[in-house]
Every structure is written in C-alpha cells, then in structure tokens.
Amino acid sequence: MNTDARPRMADISPTPDLRLYHVFPSSRAPRRAKPDALGTLPTRAFRYCEAVRTASTFGTYLFPPVDLVLQWDGQRVFASWGDGGATMVIDDTLDFPNYPNEWTAVAPDDAGPMYVPHVTAFPEPGMLQYNLGVMVKTAPGWGVMIRRPVNFPINEPIDIMEGFVDTDRWSGSIFVAMRITKTDQPVVLHKNRPIVQIQPMPHWLLGDAVSDDMTIEAENPSQWSEEVWTLWKETLTPASNDRRVPGDYARAARKTRAEADRSVAACPMGHGALRPP
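Let us look at the structure shown here. (Residues numbered from 1 in each chain as written. Predicted model: local features only at pLDDT ≥ 70, side-chain atom pairs only at ≥ 80, totals over all residues. Heavy atoms only, no water.)

Right, let's talk about the overall build of the protein chain for a bit. Secondary structure assignment for the protein chain yields 6 helices and 15 strands. Here the protein chain holds 277 residues, and the buried ones make up 34% of them. Taking the intrachain contacts of the protein chain between residues at least 6 apart in sequence as the baseline, contacts between residues at least 24 apart amount to 71%. Of the roughly 16600 Å² that the protein chain leaves accessible, carbon and sulfur atoms contribute 53%. (Helix = DSSP H or I, 4+ residues; strand = E, 2+ residues; numbered from the N terminus. Buried < 20%, exposed > 50% of the residue type's maximum accessible area, 1.4 Å probe, protein only. Contact = heavy atoms within 4.5 Å. Areas by Shrake-Rupley, 256 points an atom, 1.4 Å probe, with all protein chains shown as cover.)

Right, let's get into the pairing of strand E10 (residues 142-147). Within E10, 5 of the 6 residues are buried, which leaves the element mostly enclosed by the surrounding structure. Here 6 bridges tie E10 to strand E15 (residues 196-202), and the two strands are oriented antiparallel to one another. Counted as the bridge partner of Gly 143 is Met 201 from E15. Here E10 runs beside strand E12 (residues 163-165); their pairing, made up of 3 bridges, is antiparallel. Residue Val 144 lies in a different strand from E12, and its bridge partner there is Val 165. (Pairing = 2+ DSSP bridges.)

A few words now on the nonpolar core. Core analysis: the largest hydrophobic core is formed by 43 residues, its most contacted members being Leu 70, Tyr 130, Ile 158 and Ile 195. For this core, the element with the most residues is strand E9 (residues 127-137), which contributes 5 residues. Discounting chain neighbours no more than four positions away, the residues touching Tyr 130 are Pro 64, Pro 65, Val 66, Leu 68, His 118, Val 119, Ile 174, Phe 175, Val 176, Met 178, Leu 189 and Ile 195. (Core = buried A, V, L, I, M, F, W, Y, C linked by side-chain atoms within 4.5 Å.)

So, about the environment of Met 114. With respect to the secondary-structure elements, Met 114 resides in the loop between helix H3 (101-106) and strand E8 (119-121). Through-space distance from the C-alpha of Met 114 to that of Thr 104 is 8.9 Å; in sequence the pair is 10 residues apart.

Further remarks concern helix H2 (residues 50-57). Structural remark: α-helix, 3.6 residues per turn; residues separated by three or four positions point the same way. Taken residue by residue, H2 has Glu 50, Arg 53, Ser 56 and Thr 57 as its buried positions. For H2, the angular spread of buried residues about the axis comes to 130°, placing them on one side. Note on H2: the residue one or two positions beyond its end, Gly 59, has a positive phi of about 120°. (Arc of directions from axis to C-beta.)

Sheet strands associate in pairs through backbone hydrogen bonding, adopting either a parallel or an antiparallel arrangement. Ordered by their spatial adjacency, 4 strands build an open sheet running E6-E5-E4-E14, and the pairing between neighbours is antiparallel. The two strands at the open ends of the sheet, each matched to only one other strand, are strand E6 (88-89) and strand E14 (187-189). Examined bridge by bridge, strand E4 (residues 68-72) and strand E5 (residues 77-81) share 5 bridges and lie antiparallel to one another. Its bridge partner lying in E5, Leu 70 is registered against Ala 79.

This next bit is on unusual backbone geometry. The peptide bond linking Tyr 99 to Pro 100 adopts the cis configuration, its omega dihedral lying at 20°. Even without a glycine there, the phi angle at Leu 38 is positive, about 60°. Here the phi dihedral of Asn 151 falls at roughly 60°; this positive angle occurs in a residue that is not glycine. Tracing the chain through its elements places Asn 151 in the loop between E10 and strand E11 (158-160). On the accessibility criterion, Asn 151 (38% relative accessible area) is partly exposed.

With that settled, consider a nonpolar patch on the surface. A surface patch of nonpolar side chains, about 200 Å² in accessible area, is lined by Leu 205, Leu 206 and Val 210. Following the sequence through the fold, Leu 205 ends up in the loop between E15 and helix H4 (208-211). Accessibility expressed as a relative area gives 36% for Leu 205, which makes it partly exposed. (Patch = residues over 30% accessible without salt bridge, like charges linked within 9 Å, V, L, I, M, F, W, Y side chains within 5 Å. Salt bridge = Lys/Arg side-chain N within 4 Å of Asp/Glu carboxyl O.)

The 5 strands lie next to each other as E2-E3-E15-E10-E12, forming an open sheet whose pairing is antiparallel. The outermost strands of the open sheet, each flanked by one partner alone, are strand E2 (31-32) and E12. Bridge count for strand E3 (residues 60-62) against E15 is 3 bridges, and the pairing is antiparallel. In the sheet register, Tyr 61 faces E15, and the bridge partner there is Gln 197.

Below, the discussion takes up the side chain of Thr 60. Structurally, Thr 60 can be placed in strand E3. Thr 60 has contacts with Leu 18, Pro 30, Arg 31, Arg 32, Ala 33, Val 196, Gln 197 and Ile 198, leaving out every residue within four places of it along the chain.

Right, let's talk about the packing of aromatic side chains for a bit. If you walk through the whole model with that rule in mind, you get 9 aromatic pairs. Taking the centre distance of 5.1 Å and the plane angle of 85° together, the rings of Phe 24 and Tyr 99 count as edge-to-face. Highlighted residues: Phe 24 in the loop between strand E1 (19-22) and E2 and Tyr 99 in the loop between strand E7 (93-94) and H3, separated in sequence by 75 residues. Each member of the pair Phe 24 and Tyr 99 is classed as buried. Arranged with centres 4.5 Å apart and planes meeting at 50°, the rings of Trp 224 and Trp 229 form a pair that is tilted. Given a relative accessible area of 32%, Trp 229 falls into the partly exposed group. Among the aromatic residues, those joined into a cluster by ring pairs are Phe 24, Phe 96, Tyr 99, Trp 103 and Tyr 115. It is Arg 28 that lies over the ring of Phe 63; its NZ or CZ is 4.1 Å from the centre. (Phe/Tyr/Trp six-rings, centres within 6.5 Å; stacked < 30°, edge-to-face > 60°. Lys NZ or Arg CZ within 6 Å of the ring centre and 35° of its normal.)

Structure representation (structure tokens):
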C-alpha cells in the first residue's frame, strides 16, 4: 500500500474524526480546549474579546503524562520525577516510569521492541524530544497542528517547536521538540497543566495554493478604494452610534460558526463542506 498517497478531495471527511490512544498508562486524558484557557484568561478578554475566546477553544489539550523536573547546566540535562525521586542524567533517553516492562506485558510479540522513550536528548545544547504518550488518528485528508496551548501561560523557561503531522497516515506517539532556555531555573512539567494543544486541519489548508493566495492591494491608505473606506468606517463606527450595538462582532462570529456546524451536519456525503474555494 502506498502510504504517501494523499486522499482525493472527494474522499476527504467533513470532520476530522479525531481519535486518541494512550501509549503511556495512567496518563491524564486529553481535554477539549476551553474559551477561558482553563480559567487563566483575564476576565476582560474572556468577556469581551471573541477573537481570543475563539482561538483559545480551537483544539484539544494534551498534558504531560507524569510530573517531571528538568534542569540544564549548559551542557547536560538532568531529570527527576515530580515525587522527589533521584536525579538522572539524560545522556540519551529517559523512559516513562515502569516502562517498557508495562509495554511488553501487553504488546504483541512483534511490537514488544517498539516502545518509545519519554524524553530523548538531542546533540544541540538544551534540546530535547518530549514524548506525550498519545497516538492521534484522523480521518483521510486530515492532520493535526501541534503547538503551545493557545493563550495559556507556560511560565517555564522552554521553547516548544510547533509542527504539523499527517495523522491520517502516521501512527506514532505525538512528541514535540523543546529547548530549555535557562540554566539557573528548573523546568517543572505538571501533569495537570497542558503542555500542547493539537488542532485538526485538512491538508489542503496548508498547501501553497492557500498560502500563496495573497494580494497586496494598497501600500498606503491613499490608494484605498471607496469600497475599502466604507468597510473600514462600518467596522470602526463607535459602539455608541445608533447603528452599532455592543457585542455585534461576537454575536455575528458565533452565528457564523453555528451555521458552519449545521452545514457540515446536514451534508449527506460530507465532502462539499471542506472544499477549498
């Protein structure tokens, strides 16, 4: 079977059919992202900024599978479990606690050697591959964007590199590359605080045809057409004006998303809803 073959547009599902499988036992279950970013969003942003709420709620949180403390001394990375266990040096890999014994106890014989480490040290200073212990599967034509949790504060001194995975054909455990940025402060990863947000997207949305579909219509306002000026004035009209009602944007945005949900649900074959324009 050719696993590199992309599904035809007619075969793309209207929804991602996101399915998650735990690889590490006893991990916290993934959770749908919330508009209040798990209560961390400022009240004013939550109440009045629909753009922030919309971005925050798009996707699913993935959590660290176990409490882990990392410390970089500029050359090596040290690790200890959050229960106060012994400090270990990550020269190569660090396995999940009681793993791979638990893996080999349940895996088929030919999959026994295929366990994955929890943390892998990269040759670059302070760089690690961090495995979240969750396999993600999506419908044909869909993948997931892997990124920092949207609008959720991660106060640890780490950079998390974002990526997009074709989870309709790649069936491994989700991981991220992270860089520790300070040597004088430990990185504390709590299993009750999300470390990653995955966002399902159809493949065509990331294609060059979409990203290249851009035109610079005017380099300064003196080149704006009357139509553009009209749009600007309609958007920036003060809310106190009789033609504007506070919360108009939020209501219109929610109505648009609700109509999109209904159109997907009503489509018998489902394929038209996600065709690119």
